[in-house]
Amino acid sequence: MHHLSKVKWIWQDGNIVPWEDATVHVMTHSLHYGVSLFEGIRSYRRTDGFVDIFRLNDHIDRLFNSAALFHIKIPFSKQNLVNACVQVVEKNHLANGYIRPIVYLGPESMAVSAPGASVHVAIATFEWGECLATVSMRPNRRCKTSTFFRGNAGSSFFRAKVAGHYTTAYLAKHEAARQGYDEAILLDGNGLLTEANSENLFIVFKGVLKTPPDWSTILPGLTREFIMTIAEELGVPVQECSIGRDAMLLADEVFLTGTYAEISPVTEIDDVCINSGEPGPITTALSQKLREVVCLGSKHPVHGHLFAPTQVNK
Ligand code: PMP
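Every value quoted in this text rests on a predicted model; they were computed, and no experiment measured them. (Residues numbered from 1 in each chain as written. Predicted model: local features only at pLDDT ≥ 70, side-chain atom pairs only at ≥ 80, totals over all residues. Heavy atoms only, no water.)

Draft legend 1. Structural detail: the overall build of the protein. In terms of helices and strands, the protein carries 8 helices and 17 strands. Taken over the C-alpha atoms alone, the protein extends approximately 55 × 50 × 35 Å along its principal axes. Counting across all 314 residues of the protein, residues that qualify as buried make up 51%. Pairs at least 24 apart in sequence give 71% of the contacts found in the protein among residues at least 6 apart. Taking the average location of the 28 positive side-chain charges in the protein and that of its 32 negative ones, the two points are 2 Å from each other. (Helix = DSSP H or I, 4+ residues; strand = E, 2+ residues; numbered from the N terminus. Buried < 20%, exposed > 50% of the residue type's maximum accessible area, 1.4 Å probe, protein only. Contact = heavy atoms within 4.5 Å. Lys, Arg positive; Asp, Glu negative; His and termini not counted. Charge placed at Lys NZ, Arg CZ, Asp CG, Glu CD.)

Draft legend 2. Structural detail: the pattern of salt bridges. If you walk through the whole model with that rule in mind, you get 15 salt bridges. Between Arg 150 and Glu 195 there is a salt bridge, and its shortest N-O distance comes to 2.8 Å. You can see Arg 150 sitting in the loop between β8 (141-149) and α5 (166-178) and its partner Glu 195 sitting in strand β10 (residues 193-196), a full 45 residues away along the chain. When sorted by exposure, Arg 150 lands in the same class as Glu 195, which is buried. Bridged by salt links that share partners, the residues Arg 141, Lys 173, Glu 183 and Glu 199 form one connected network. (Salt bridge = Lys/Arg side-chain N within 4 Å of Asp/Glu carboxyl O.)

Draft legend 3. Structural detail: the site of the ligand. Around the ligand, the surrounding shell holds 16 residues, and the nearest of these are Tyr 166, Glu 195, Leu 222, Thr 223 and Thr 259. Protein coverage of the free-state accessible area of the ligand, which is 380 Å², stands at 96%. At the level of elements, α6 (222-233) and β14 (253-258) are the ones that each hand at least two residues to the shell around the ligand. Among the residues forming the shell around the ligand, the class breakdown is 3 nonpolar, 8 polar and 5 charged. (Near = heavy atom within 4 Å. Areas by Shrake-Rupley, 256 points an atom, 1.4 Å probe, with all protein chains shown as cover. Nonpolar A, V, L, I, M, F, W, Y, C, P; charged D, E, K, R; others polar.)

Draft legend 4. The arrangement of the pairing of strand β7 (residues 119-127) in detail. In terms of residue burial, β7 counts as a mostly covered element, since 8 of its 9 residues are buried. Looking at chain direction, strand β1 (residues 9-12) and β7 are connected through 2 bridges and run antiparallel. Bridge pairing in β7 links Trp 11 to Ile 123. Strand direction decides the pairing type here: strand β6 (residues 97-105) and β7, joined by 9 bridges, are antiparallel. In the strand pairing of β7, Leu 105 is matched with Val 119. (Pairing = 2+ DSSP bridges.)

Draft legend 5. Seen up close, the nonpolar core. Formed by 33 residues in total, the largest nonpolar core has its most connected members in Ile 53, Leu 56, Ile 74 and Leu 81. Elements supplying a minimum of two residues to this core: β5 (51-53), α2 (56-69), α3 (78-91), β6 and β7. Residue contributions to this core peak at 7 residues, all from α3. When residues no more than four places from it in sequence are discounted, the contact partners of Ile 74 are Leu 63, Phe 64, Ala 67, Leu 81, Val 103, Val 119 and Val 121. In terms of nonpolar packing, the next biggest core, distinct from the first, is built from 21 residues, Tyr 44, Phe 202, Met 228 and Val 293 among them. (Core = buried A, V, L, I, M, F, W, Y, C linked by side-chain atoms within 4.5 Å.)

Draft legend 6. Inspection of a nonpolar patch on the surface at higher detail. A cluster of nonpolar side chains, contributed by Val 26, Met 27, Leu 31, Tyr 33, Met 110 and Val 112, occupies part of the molecular surface with about 560 Å² of accessible area. By the element assignment, Met 27 lies in the loop between β2 (15-18) and α1 (29-33). The class of Met 27 is partly exposed, set by a relative accessible area of 32%. (Patch = residues over 30% accessible without salt bridge, like charges linked within 9 Å, V, L, I, M, F, W, Y side chains within 5 Å.)

Draft legend 7. Representation of the side chain of Arg 55. Note that Arg 55 resides in the loop between β5 and α2. The exposure class assigned to Arg 55 is buried, which follows from its relative accessible area of 6%. Engagement of the side chain of Arg 55 in a polar contact is seen with the side chain of Asp 58, the distance being 2.9 Å. (Polar contact = N/O pair within 3.5 Å; in protein donor to acceptor, adjacent residues only side chain to side chain.)

Draft legend 8. Structural context of the packing of α6 against helix α8 (residues 281-294). Closest axis-to-axis distance for the α6/α8 pair is 10 Å, and the angle between their directions is 110°. As far as their axial angle goes, α8 and α6 are roughly perpendicular. Note on element contacts: α8 touches α6 through Leu 286, Lys 289, Leu 290 and Val 293, opposite Phe 226, Ile 227, Ile 230, Ala 231 and Glu 233. Its residues assigned to classes, the contact of α6 with α8 comprises 7 nonpolar, no polar and 2 charged. (Axes fitted to C-alpha atoms, helices over the stretch in contact; angles between N-to-C directions. Parallel < 35°, antiparallel > 145°, perpendicular 65-115°, else oblique.)

Any functional reading would require information that these geometric values do not contain.
In structure tokens form, the structure reads like this:
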């Protein structure tokens, strides 16, 4: 998230404000204890000129679910926030963009359980690149199994996209990067695969697409769900099942999915080449299909929120 320069406006608590004015107090509760709920959403410029905010309603649903799990009542309706996302994209003349809604607690309480804390919502956006499948899938992604675990089922609600969970992601990513890898893959306390830092994990073995189940400690990603749907449409059997590290190393294909990563082929893990070391045929086919839906306007029941932009930056 470093291309911040072209974006001028942020939506904060119902108002569009200049980037510089969208600030919080240093005593804001969420800053101290990591309880803020957020989403990462992509908008794409389609070849027909429309802008597609991918699965916007589903992202806002997940934001409300995250808040509910943390006993936080968002002071806006879902429809308010859907409209606000479109409004801030339009106001910034974004087409290929990234949208970051965040719900956070104000400075009224220093108690960890935040009694009486005010609830705020901001929606920031960034310029972001084209659909990755259009440019080229990032190949040669080298991953490392992290020494950090993705939680224990009883230690949090992992379906919530809450800032506090990302302390582990931060440590895992730094560890991987220090050792020259692109990304970290996290096991759970039993040594089973969960996901990468901020992407879900898939393997292909003998033509079957497998992924850790959504009843494990993963964040059940919206891209993950979409990929499972389009895999079935392409005739690829899909299984949610426990996967060990050895099965991943021996897989025919491994890839990661997420709003930011889309579909990202993994070609090497823990210094072992995955199959030929090239993105595999199922990874490639799924990536093309994703591109057809988000960029080329191919009709699909799991579609995004479409609108005709009044003006875009490029
Ligand atoms: N897992 C984690 C921990 C994440 O942060 C993300 C990104 N939101 C994902 C998986 C992928 O989810 P999605 O496809 O909804 O972006």
